[in-house]
Amino acid sequence: MGVTKTSVAGYISAWQPSSVPPQAAAFARQVVLQAAPPGRERAKNLLWAAGRLADYGIGLGMEPAPEVLLHPSVTERFTAHGPGLSGPARRTLRTNLRFLARAVVPQLLPADLPLPRERAKAPYTPAEIDGYLALAAAQPTAARRMRAAGLVCLGAGAGLIRADLRAVRGSDVCCRSGGVIVEVRGRTARGVPVLARYHQRLLAAARFAGTGFLAGGTDPQRNNISNPLTAALAGGGGLPRLDTSRLRATWLAECAQLTGLATFLHAAGITCSQRLGDITAALDPGSEEQAVALLGGRTR
């Protein structure tokens, strides 16, 4: 182990790159020696990162001192705006410079604390959805029965929440392209195929609402319109208060199953990827008829 450390330290001390000026190279040797990397390859990567940082900072008139150049404000500015760097190079530089800063000037970089990540809500089971629909059918007035059933069908059958759900009028639900479509208006206007088993209840609720809002109310900017409905659909059969986010999760889970998404992700070795969104953004989403067929929305 001692021989390895000596050889790494010797490699760092002898590092004399032609790509950065001597003053930048001296800074890199200083901070990397303090960081004491375990191997030559790691030392090489850290020297490259520190040398590029120092070259950038010295060019701006900064003092080549660890507490100056390894300050988070400097490293973040360099990795975000340093010229001539590719995206992968910027990410690698940021990782290596943060490692050096934690090792050399830890007082400037407090330990990272894990931030909570919002997890997807658990989908409802088919039995729970049947329970909420039964509670909707047991409401004391026809208006309450239709609004409650419409809320469940729009959430679990079309995945609508918040403003999208509040803005749906009865006239926005129609039979088209071999299925039932909800026309969503606003910033993300689109036609959403409704899952087949919700067709009849949603069409009945839409006929009752007519040109009015399917979930009730008269003001398109109203908030919390679903609160009275969700409160009415709690308690029976041991069901908790209805959660529209879980209704959307129920729709997402069923669509993922219908499209074979889990099979694809497993085959690709992917558990969570932002790049999938980047890739699919450039693909043709297909026709409404294709969406109805793919998402199980054909009228039976």
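Since this is a predicted model, take the numbers as computed values, not measurements.

Caption draft 1: Inspection of the packing of aromatic side chains at higher detail. Going through the model one piece at a time under the given rule, you end up with two aromatic pairs. Ring centres of Y124 and Y132 lie 5.2 Å apart, and the angle between their planes is 70°; this geometry places the pair in the edge-to-face category. There is no split in this pair, since Y124 and Y132 are both buried. A cation over a ring is seen here: R42 above F99, with NZ or CZ 4.5 Å from the ring centre.

Caption draft 2: Broad picture of the layout of surface pockets. Of the pockets and cavities examined, the largest pocket occupies roughly 600 Å³. For the lining of the largest pocket, the elements supplying multiple residues, two or more each, are β3 (190-193), α12 (244-259) and α15 (288-294). A per-element tally of the lining of the largest pocket places α12 first, with six residues. When grouped by side-chain class, the residues that make up the lining of the largest pocket number eleven nonpolar, six polar and three charged.

Caption draft 3: Structural context of the sheet that holds β3. Reading across from one edge, β1-β2-β3 is the order of the three strands in this open sheet, with antiparallel pairing throughout. One side of each edge strand has no neighbouring strand; the edge strands of this open sheet are β1 (173-176) and β3. Averaged over all pairs of adjacent strands, the angle between strand axes in this sheet comes to 40°, irrespective of strand direction.

Caption draft 4: Just unusual backbone geometry, in detail. Phi angles above zero are rare outside glycine, and R162 is one such case at about 50°. Position of R162 among the secondary structure elements: in helix α9 (residues 162-166).

Caption draft 5: Local environment of the nonpolar core. L160, V173 and V182 are the most contacted members of the largest nonpolar core, which totals 39 residues. For this core, the elements supplying multiple residues, two or more each, are α7 (126-137), α8 (142-158), β2 (179-184), α10 (199-209) and α12. Counting residues per element, this core draws most heavily on α8, which supplies eight residues. Residues contacting V182, with those up to four places away along its chain left out, are L154, A158, L160, V168, D172, V173, R190, G191, V192, V194 and L202.

Caption draft 6: Summary view of the pattern of salt bridges. Applying the stated criterion to the full structure yields nine salt bridges. Among the ionic pairs, E288 bridges to R176, the shortest N-O distance being 2.7 Å. Of this pair, E288 sits in helix α15 while R176 sits in strand β1, placing them 112 residues apart in sequence. Given a relative accessible area of 23%, E288 falls into the partly exposed group. Several salt bridges share partner residues, and in doing so they unite E76, R94 and R98 into one network.

Caption draft 7: Representation of the packing of helix α2 (residues 22-35) against helix α6 (residues 87-104). It is at 9 Å that the axes of α2 and α6 come closest, and there the two elements cross at 70°. One finds that α2 runs roughly perpendicular with respect to α6. Note on packing geometry: the crossing formed by α2 with α6 is left-handed. Counting all contacts with α2, which are made through V31, V32, Q34 and A35, the residues of α6 involved are F99, L100, A103 and V104. Classifying every residue of the contact of α2 with α6 by side-chain character gives seven nonpolar, one polar and no charged.

How each quantity is defined
- Residues numbered from 1 in each chain as written.
- Predicted model: local features only at pLDDT ≥ 70, side-chain atom pairs only at ≥ 80, totals over all residues.
- Heavy atoms only, no water.
- Phe/Tyr/Trp six-rings, centres within 6.5 Å; stacked < 30°, edge-to-face > 60°.
- Buried < 20%, exposed > 50% of the residue type's maximum accessible area, 1.4 Å probe, protein only.
- Lys NZ or Arg CZ within 6 Å of the ring centre and 35° of its normal.
- 1 Å grid on protein atoms, 1.4 Å probe; cavity = no way out; pocket = protein on both sides within 12 Å on 5 of 7 lines; lining within 4 Å.
- Points joined across faces, edges and corners; volume = space filled by probe spheres on them.
- Helix = DSSP H or I, 4+ residues; strand = E, 2+ residues; numbered from the N terminus.
- Nonpolar A, V, L, I, M, F, W, Y, C, P; charged D, E, K, R; others polar.
- Pairing = 2+ DSSP bridges.
- Axes fitted to C-alpha atoms, helices over the stretch in contact; angles between N-to-C directions.
- Core = buried A, V, L, I, M, F, W, Y, C linked by side-chain atoms within 4.5 Å.
- Contact = heavy atoms within 4.5 Å.
- Salt bridge = Lys/Arg side-chain N within 4 Å of Asp/Glu carboxyl O.
- Parallel < 35°, antiparallel > 145°, perpendicular 65-115°, else oblique.
- Left-handed = near helix turned anticlockwise from the far one by under 90°.

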